[in-house]
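Listed below, chain by chain, are the residues.
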Amino acid sequence: MTRYIARRLLQAIPLLFLVSLLLFVMLQNMGDPLATMGGRTMTRSEDRARLTRQLGLDKPIVVQYLYWLIGNDWAKIDLDGDGIAETPGIRKGVLRGDFGYSLVNREPAMEVIMERLPNTLLLMLSAEVVIIFGSLLIGIYAALRQYSFIDNLITTLSFIGYSMPIFFVALGLMYIFAVNFKAWGLPYLPTVGMFDPRVGKTFWQVVWHMILPIITIAITSFAANSRYVRSTMLEAMSQDYIRTAKSKGVPRRSIIFIHALKNASLPIITVIGLDLPFLLGGAVVTERIFAWPGMGRLFIDHVSRADTPVVMGILMLIAIAVITFQIITDIVYAWLDPRIRYN
Amino acid sequence: MKRNWLYTATAILISAVFLLSACGPSGGGEKKVVTFIFTQEPETLNMHYTNMYFSSILQQLWNHWAWEYDENNAPYPVLVTEMPTQENGGISADGTVLTLSLRDDITWSDGEPITAEDFVFTWEMAIAPTNTVATAYPYSEAVSVEAPDPQTVVVTFAEPFAPWLYFFHGLLPKHILQPVFDAEGTIDNADWNNNPTVGSGPFVFSEWESGSFLRFVKNENYWGEPAKVDEIFVRIVPDDASQIAALTSGEGDIGIFIAYPDIPTLEDAGLNVIKVFSGYNEGWYLNLGEKGHPALQDVRVRLALAYGTDRFVISEDLLLGKTVPAATFWDGSPWADPDLKPYPYDPQKANDLLDEAGWIDSNGDGTRDKDGVELILRYVSSTREIRLDTMAVIQQQLAQVGIGVELYNYETDILFGSYGDGGPVATGNYDIAQWSDLPGAFPDPDTAYWLCEEIPSDESPQGVNWQYICDDDLQALFELQKTQMSFDDRVATFHQISTIMFEKVYWLGIWQDPDIWAVSSRLSDVKISGVTPFFNIAAWDIP
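This one's a predicted model, so the numbers in the text were calculated from it and none came from an experiment.

J.: Looking at this model, I keep getting lost on the overall build of chain B. Mind explaining?
T.: From N to C terminus, chain B includes 15 helices and 19 strands. Over its C-alpha atoms chain B spans a radius of gyration of 26 Å, differing by no more than 12% from the 24 Å that the globule rule assigns to 543 residues. Looking at chain B as a whole, 49% of its 543 residues are labelled buried. Partitioning the intrachain contacts of chain B with sequence separation of at least 6 by distance along the chain shows that 66% fall at a separation of at least 24.

Here you go:
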């Protein structure tokens, strides 16, 4: 297993390099970071020329990628526009842990990302826990009562949930539980943000503000995941070893949760393993509507400003997470099914 | 009996939701907090590093300008004792020297006095080649900025500089930033830029959580009249619908850039909706360059576009009658010529002008043509919803007079991409471009959009004259106004400029584009300026 993990990690290096190159080239064609400098109108021509030079955006794309990768502290830059490169560069490059400075706010790109990451993880991990337990609960219940009224109802609701766009769910929940409940004099939930400024950022305030975003994410994910659990559980429950366990008088709870669920888990683990790295990317729509300060919004905001350092940082984090979680998923496979060997 | 755990779990979940919802605040405590809802997060609080509106408008909370602007966009002195004029000697007779007299009681929030050295330092930082400021203008126009004594600032220009009002927006505290500049050679990455704990306004910056909020608390050392509320909480809510929900539910007190269709909802919820003119007018920029449609070279065709477009219906129906068509680029300001009125909708006149210009439908396909060239125009704009609607309506209107229109929409950073970056407008790959714009140094009327030297090319890829218009008369007038220190003379020049642009249809106004603010009725004494919106923030109260 150790050799397998080491091999996978080594394979990841050229893969990450290739991914970074492709993403960098694509980002160069996604807009002009100096077009408006955040304003509602275009940047003045003298300023655009000066900033293009100062920020190194006049360099060929290969040079810009090299600076991003290995830094520019070995080169000199022409800051004053006299045609002579006189100022030593200060960037160390990604390989030395320097993702550069955001073109939007001049802060280190990784600091900008790390400010948002905890918020995204808080929301997305909480939502993932709700989704996993909710899907297991609903999926197992439906599988054990196949074709019953409840099973049909869950199936119908699943398809409704799956077919609803997430922005519709989010805004619908917001208007019902926040705006209308308040108007009707009922206990109501907050519309936006992580806490009420009059109260402050307390634990319960954050929990209270997470309810609607989590329900929004969960509703749309329950549908697919619970159907997946239902079908794998149905398959497991029809296996010979389950019949044997039943005939031996093993308690029903043990049959379901130990024998059937463990064996039905492999495909479910695959789905969760694929989901987890993308939690880092946040839930773009949900974060936007509920004004949750996460990575999804950060990504969209900085893509719209063609802020290459920050966008590349986010994308590389996700790429690393995908590779890492794939390896972890493989390890969990082997733990769940001792027959699996990677040698 | 079999335990039904699904029902139990569901019941627990629903109970928990209601229990937690009951844990919410019941209506606030003693602290007076005004909550702003911003749809975009300020990029930085050092406004030298951004052109962003949301960064700029927060300035009056925590960092005064030398002069600010009232609800009529009229300047009044703040850090200076009086507005400089030629009469009081603040502006030299030849218009090349500007002398500011500072108040002697102004201090930074840490108690340090604000002196002329801070003004000199601000100029030095704006033009330092190692600082990547968003714009060096207008500081780059000054030959020198000097401090002969702590209360006097002398700005010298090489030639008369009429747009001097644009100076000293965003004063930098020398005692905080000079050590940073000395150590690092730049203030690009200074902590103060995004964590400016020292300022000069009625509030001081307290906290900024990225993507979530900014908090400003009352400045206990404020040199002016103290603020009446304790805290300004700026919440970032990027979604327009969520902004409306937050305002109507009372979770926000003030919001901006309200879409016209949302105005009735907000008014029904008891909010006051305020229209504020901030210099913007939505209009058409016509491409008269080589890559533009040849028909646009003929002023009769351009006039036909004006007469063939019912901008009154657009204002009335799409914008709910809350605004009117613009006649000039300077509408809504003292620089606009009141004698110029928007072209009326007159499709018959449009047809006559097109016939006269030789554009007729010779092949019977419904679109006019001439010498084998179809009159089909490329109409580009951003992806803003109101523009998509407007473009669709105009496409139908122009079809009525035999002008075909192809619609193209781009994200803003692509639409405004430079010539060097292949931006569709900058490179001239359009015939009509629509967006909302203002004179670059508003409320000053100066603009570079129609200057001959600003036409982009391979040699000058950063030019902003994307209309590729070089009119000698216009050029001379634009150069003249920049040197006119007399307000009346300059107004007269702008009336001439407006008349040329109106008659030759170099720019066609679609609608006047005021900012729409929604303000909670629980706030009192709220006035909003189009230049420095929160100019009287210290007077705001929650009775």
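Let us keep going from here.
J.: How should the sheet that holds strand 5 (residues 142-149) of chain B be read in this particular structure?
T.: Note on sheets: strands pair through backbone hydrogen bonds, and any given pair is parallel or antiparallel. Residues and elements named next belong to chain B. The strand order across the open sheet formed by three strands is 4-6-5, and the pairing between neighbours is antiparallel. A single partner strand is all that each edge strand has here, and the edge strands are strand 4 (97-101) and strand 5. Across the sheet, the axes of successive neighbouring strands diverge by a mean angle of 15°, strand direction being ignored. Bridge count for strand 5 against strand 6 (residues 152-157) is five bridges, and the pairing is antiparallel.

J.: Hey, could you run me through the pairing of strand 6 of chain B in this one?
T.: On a regular strand, each side chain points to the face opposite its neighbour's, so the side chains alternate between the two faces of the sheet. The pairing of strand 4 of chain B with strand 6 of chain B spans five bridges and is antiparallel. Paired with Ser101(B) across the bridge in strand 6 of chain B is Thr152(B).

J.: Looking at this model, I keep getting lost on the pairing of strand 9 (residues 231-236) of chain B. Mind explaining?
T.: Residues and elements named next belong to chain B. With five of six residues buried, strand 9 lies mostly within the body of the structure. Two strands pair when backbone bridges link them, and strand 1 (residues 33-38) and strand 9 are joined in this way by six bridges, in the parallel orientation. Directly across from Val34, in strand 9, lies its bridge partner Ile232.

J.: So what exactly am I meant to see when it comes to the nonpolar core here?
T.: A general trend in soluble globular proteins is that nonpolar side chains are found buried together. Formed by 110 residues in total, the largest nonpolar core has its most connected members in Met174(A), Ala218(A), Met233(A), Ile314(A), Leu61(B), Phe216(B) and Ile232(B). Formed by 103 residues, the second largest nonpolar core is a distinct cluster that contains Leu100(B), Ile314(B), Ala350(B) and Ile497(B).

J.: What am I meant to see in helix 2 (residues 45-54) of chain A here?
T.: An α-helix turns once per 3.6 residues; consequently, residues spaced three or four apart project the same way. Residue and element names in this part refer to chain A. Across the ten residues that make up helix 2, a large majority, eight, are buried. Among the residues making up helix 2, those that are buried are Ser45, Asp47, Arg48, Ala49, Arg50, Leu51, Thr52 and Gln54. Phi turns positive, to about 75°, at Gly56, one or two residues after helix 2.

J.: How do you make sense of the environment of Glu225(B) when you look at a structure like this?
T.: When you line up the elements, Glu225(B) lands in the loop between strand 8 (213-218) and strand 9. Sequence spacing of Glu225(B) and Pro202(B) is 23 residues, and the spatial spacing of their C-alpha atoms is 7.8 Å.

J.: Looking at this structure, how should I read the domain arrangement of chain B?
T.: All names here are of chain B. By domain assignment, chain B separates into domain 1 (73-173) and domain 2 (281-513). Taken together, the contact between domain 1 and domain 2 spans eleven residues of the former and ten residues of the latter. Residues belonging to the side of domain 1 that touches domain 2 are distributed by class as follows: seven nonpolar, three polar and one charged.

Procedures and definitions
- Residues numbered from 1 in each chain as written.
- Chains lettered and ligands numbered in written order.
- Predicted model: local features only at pLDDT ≥ 70, side-chain atom pairs only at ≥ 80, totals over all residues.
- Helix = DSSP H or I, 4+ residues; strand = E, 2+ residues; numbered from the N terminus.
- Rg over C-alpha atoms; globule rule 2.2 N^0.38 Å.
- Buried ≥ 20, exposed ≤ 12 C-beta atoms within 10 Å, placed from the backbone.
- Contact = placed C-beta atoms within 7 Å.
- Pairing = 2+ DSSP bridges.
- Axes fitted to C-alpha atoms, helices over the stretch in contact; angles between N-to-C directions.
- Core = buried A, V, L, I, M, F, W, Y, C linked by C-beta atoms within 7 Å.
- Domains from an automatic or database assignment.
- Nonpolar A, V, L, I, M, F, W, Y, C, P; charged D, E, K, R; others polar.

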